[in-house]
Amino acid sequence: MRPMKLALVHTPSVWVTSIPLGLAYLKAYLAREQPEVRVRILDLNNRFFRDARGRLGGLCARCPRQADVTCVPPELFFRGEALAQAEQAFYDSATFHDKERYAEAFALHNEHYSWAMRCLDTVLKPFVARPDARLDPAVRALLRPDLDAIAAEAPDLVGFSAMTMQISYSLALAKLVKEELGVPVVLGGHFVSVYDPAEVMRANPFLDYIIYKEGERGLAGLVKNLDTRTFADVPNLVYRAEGQVVVNKEGWVNKLDELPFPDLSDYDLSSYFSPTPVVPMLHSRGCHWGRCAFCEEKSASAKYRARTPKNVVDEMEARQRDHGVKHFLFCDQTITATSLERLADEILARGLEVRYGFSGFYASRQVTRELLEKAHASGCRWLYIGVESLTQRLIALMDKGTESGHLLDVIRWCRELGILPFASYFFGFPTQTAEEVKEEARLAKEHAAYFTLPGDGGEFYLTRDSDIYRHPEKYSVDELETHVSFATATGTITSISPRYRAPGLSGAQAKKLFLETVGDDYPLSLIHI
């Protein structure tokens, strides 16, 4: 009897600066728990960006909706040389660290593929929504290389991991897999972890299984019991039994040090958009704070868990030894001052020469200049800092636990020490006034030498399961209205962002006023790693 084969698929379209980490964790976990299972990761997103100009160009030429203003402007597909130059710029070290040159290349590349994915989304959704729908031949041709890559693995089970921007592509490809290969498919990732997984299952009858939230134990249990279909004790699994959708209880890995290091063997690290490989890592899972009013983590059932500094640095050393990697991006939701200091101490004690950053940094009063000096000495060069607002009244209403003046100090210290700070920030939090927006704009201009806000600074939107959603009266929010995000012939998926009414400026109004107040000479920042 041949061993079971599992294909884990990462689909378009997300930015391709580094590998998809979650699938590498799943492959490593299965290798330890069920070594007889052969697992192959297919990063189709990376492949898509390698040959998308030809594939998308053909689609545009045959698309019956070319005249529709919502479609991709056809002229975008006739800038192949410019796009190739933009892509090449991502591999050039000088361009990568030149803010203006990188921004120009990024803008051109992003404009092209943002439009392209909107076009694809428009075409793919009807195919996903109707069981009897036939896929347009041009779109089927576009997906054919991906389907062929999956078929070449002769899998017994195909797993898709998808965020929201990948979901239409993932579902369309999953439906094709069912139609042409006839093998079971399982969907996991962020999308089914924030949306209702039972709704997703009912709306997409070609899905056999869903694994929501953390995937290691759920996928291992699914694979182990796939033949017997004894799934009652498999955590995080969603499946069908006797005509009903069953959602199993959530489970998670309690001790992260017990997880094997992610398996990178299926990735070509040199093929991603960076002059040197940047490997993503996790220091922790969950959020240690868990109190921010706008975040669904406030109601998350999984507790905050962190790896020991030794375990983390062991992995960094392994990557450096086995792959020559010296650059790392930690994808944690938050890193605390204490954790950052302990990590820096471990790196310095070993004399390890690395460069790293964190995509979530909690700038509490514990963060000092001395701490940041140590972090910089250990290789820290980038921190994504949860600012959200410079108005202390709003910070307190959000229950962030931070202070406006200290946030500005932390950002200034970072700049002075050579750590690039990037501020997460949004406009239009409930009850935000015009006067508060103007004051924040004044502070931003006053400290513009080291504090710049993102050019795409987010407009606030309410999320389901946040404290604002569960207790709207605390935030002067009313008229909450849920609505359908996606509908198919067999079900609907409720949006995670309900409509609401609240006093104060909307996100669009607040952002417009802020930009008008800071003026054209204010240096809006661009995030990149």
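Procedures and definitions
Residues numbered from 1 in each chain as written. Predicted model: local features only at pLDDT ≥ 70, side-chain atom pairs only at ≥ 80, totals over all residues. Heavy atoms only, no water. Helix = DSSP H or I, 4+ residues; strand = E, 2+ residues; numbered from the N terminus. Buried < 20%, exposed > 50% of the residue type's maximum accessible area, 1.4 Å probe, protein only. Contact = heavy atoms within 4.5 Å. Areas by Shrake-Rupley, 256 points an atom, 1.4 Å probe, with all protein chains shown as cover. Expected span 1.5 Å × (residues − 1). Core = buried A, V, L, I, M, F, W, Y, C linked by side-chain atoms within 4.5 Å. Axes fitted to C-alpha atoms, helices over the stretch in contact; angles between N-to-C directions. Left-handed = near helix turned anticlockwise from the far one by under 90°. Nonpolar A, V, L, I, M, F, W, Y, C, P; charged D, E, K, R; others polar. Arc of directions from axis to C-beta. Pairing = 2+ DSSP bridges. Phe/Tyr/Trp six-rings, centres within 6.5 Å; stacked < 30°, edge-to-face > 60°.

Moving on, we get to the overall build of the protein. Each helix and strand in the protein was counted, giving 18 helices and 19 strands. The buried share of the protein, reckoned over its 529 residues, is 53%. When contacts within the protein are restricted to residue pairs at least 6 apart in sequence, long-range pairs at least 24 apart make up 76% of them. On the protein, roughly 22700 Å² of surface is accessible, and the fraction owed to carbon and sulfur atoms is 51%.

On to helix α7 (residues 167–181), then. An α-helix turns once every 3.6 residues. As a result, residues three or four positions apart point the same way. If you check α7, its first and last C-alpha atoms are 20 Å apart, about what 15 residues at 1.5 Å a residue would give, namely 21 Å. Burial analysis of α7 places 11 of its 15 residues in the buried class, which makes it a mostly covered element. Listed as buried for α7 are Ile 167, Ser 168, Tyr 169, Ser 170, Leu 171, Ala 172, Leu 173, Ala 174, Lys 175, Leu 176 and Val 177.

Moving on: the nonpolar core. Nonpolar side chains in soluble globular proteins tend to be buried together. Counting 145 residues, the largest nonpolar core has Phe 160, Leu 187, Leu 207, Leu 222, Met 316, Tyr 356 and Ile 385 as its most contacted members. Ranked by residue count, the leading element in this core is helix α5 (residues 99–129), at 9 residues. Of all hydrophobic cores here, the second largest spans 15 residues; its members include Ala 293, Tyr 362, Phe 429 and Leu 462.

We now examine the packing of helix α6 (residues 137–151) against α7. Look at α6 against α7: their axes get within 10 Å of each other, and the N-to-C directions meet at 65 degrees. The two elements α6 and α7 meet at a crossing, and its hand is right-handed. For the pair formed by α6 and α7, the contact residues are Arg 140, Leu 142, Leu 143, Arg 144, Asp 146, Leu 147, Ile 150 and Ala 151 on the first element and Tyr 169, Ala 172, Leu 173, Leu 176, Val 177, Glu 179, Glu 180 and Leu 181 on the second. Residues that form the contact of α6 with α7 fall into these classes: 11 nonpolar, no polar and 5 charged.

What follows deals with unusual backbone geometry. The amide bond that connects Pro 12 to the next residue, Ser 13, takes the cis arrangement and shows omega of 5 degrees. As for its position among the elements, Ser 13 is in the loop between β1 (5–10) and α1 (21–33). Phi at Asp 399 is positive, roughly 60 degrees, even though this residue is not glycine. Residue placement: Asp 399 occurs in the loop between α14 (392–398) and α15 (404–417). Given the relative accessible area of 24%, Asp 399 is considered partly exposed.

A separate point is helix α12 (residues 337–350). Helix length check: α12, at 14 residues, gives a terminal C-alpha distance of 20 Å against a target of 20 Å (1.5 Å per residue), a fit within 8%. Regarding α12, the residues found buried are Ala 337, Ser 339, Leu 340, Leu 343, Ala 344 and Ile 347. Taken end-on, α12 shows its buried residues confined to a sector of 165 degrees, consistent with a single buried face. Of the exposed residues in α12, those oriented more than 90 degrees away from the buried face are Arg 342 and Ala 349. The inward-facing, buried residues of α12 contact α11 (309–323), β11 (327–330), β12 (355–361) and α13 (369–377). Of the residues trailing α12, Gly 351 is marked for its positive phi of about 65 degrees.

The subject of this paragraph is the sheet that holds strand β3 (residues 157–161). Strand order in this open sheet of 7 strands is β2-β1-β3-β4-β5-β6-β7, and the pairing throughout is mixed. Unpaired on one side and paired on the other, β2 (38–43) and β7 (244–247) mark the two borders of the sheet. Each strand axis lies, on average, 20 degrees off the axis of its neighbour in the sheet, ignoring direction. Judged from the 6 bridges that link them, β1 and β2 form a sheet pairing that is parallel. Following the sheet pairing, Val 9 is matched in β2 by Leu 42. Taken strand by strand, helix α10 (residues 216–224) contacts β1, β3, β4 (185–188), β5 (209–211) and β6 (237–241), and its axis lies near 150 degrees from that of β5.

Take Arg 319: it is sitting in helix α11. With residues up to four places along the chain from it excluded, the contact list for Arg 319 reads Phe 261, Pro 262, Leu 264, Val 279, Gly 324, Val 325 and Phe 328.

Take the packing of aromatic side chains next. One pass over the structure, following the stated rule, counts 25 aromatic pairs. Geometrically, the ring pair formed by Phe 48 and Tyr 169 is edge-to-face, given 5.9 Å between the ring centres and 80 degrees between the ring planes. Placement of the pair is Phe 48 in helix α2 (residues 44–62) and Tyr 169 in helix α7, with a sequence separation of 121 residues. Here Phe 48 and Tyr 169 have matching classes, each one buried. Note on Phe 427 and Phe 514: the rings are 5.2 Å apart at their centroids and 50 degrees apart in plane angle, and the pair reads as tilted. One end of the pair, Phe 427, is in strand β14 (residues 420–427); the other, Phe 514, is in helix α18 (residues 507–518), and 87 residues separate them in sequence. Look at Phe 514 and you get buried, because its relative accessible area is 1%. Joined through ring pairs, the aromatic side chains of Trp 15, Phe 48, Phe 49, Phe 90, Tyr 91, Tyr 169 and Phe 273 make up one cluster.

Before going further, it helps to examine the pairing of β14. Side-chain positions along a regular strand alternate between the two faces of the sheet. Most of β14 sits inside the fold, with 7 of its 8 residues counted as buried. With 6 bridges joining them, strand β13 (residues 380–388) and β14 adopt parallel strand pairing. Bridging from a neighbouring strand, Glu 388 pairs with Tyr 425 of β14. Where β14 lies against strand β15 (residues 458–459), 2 bridges are found, and the strand directions are parallel. Note on β15: the bridge partner recorded for Phe 426 is Gly 458.

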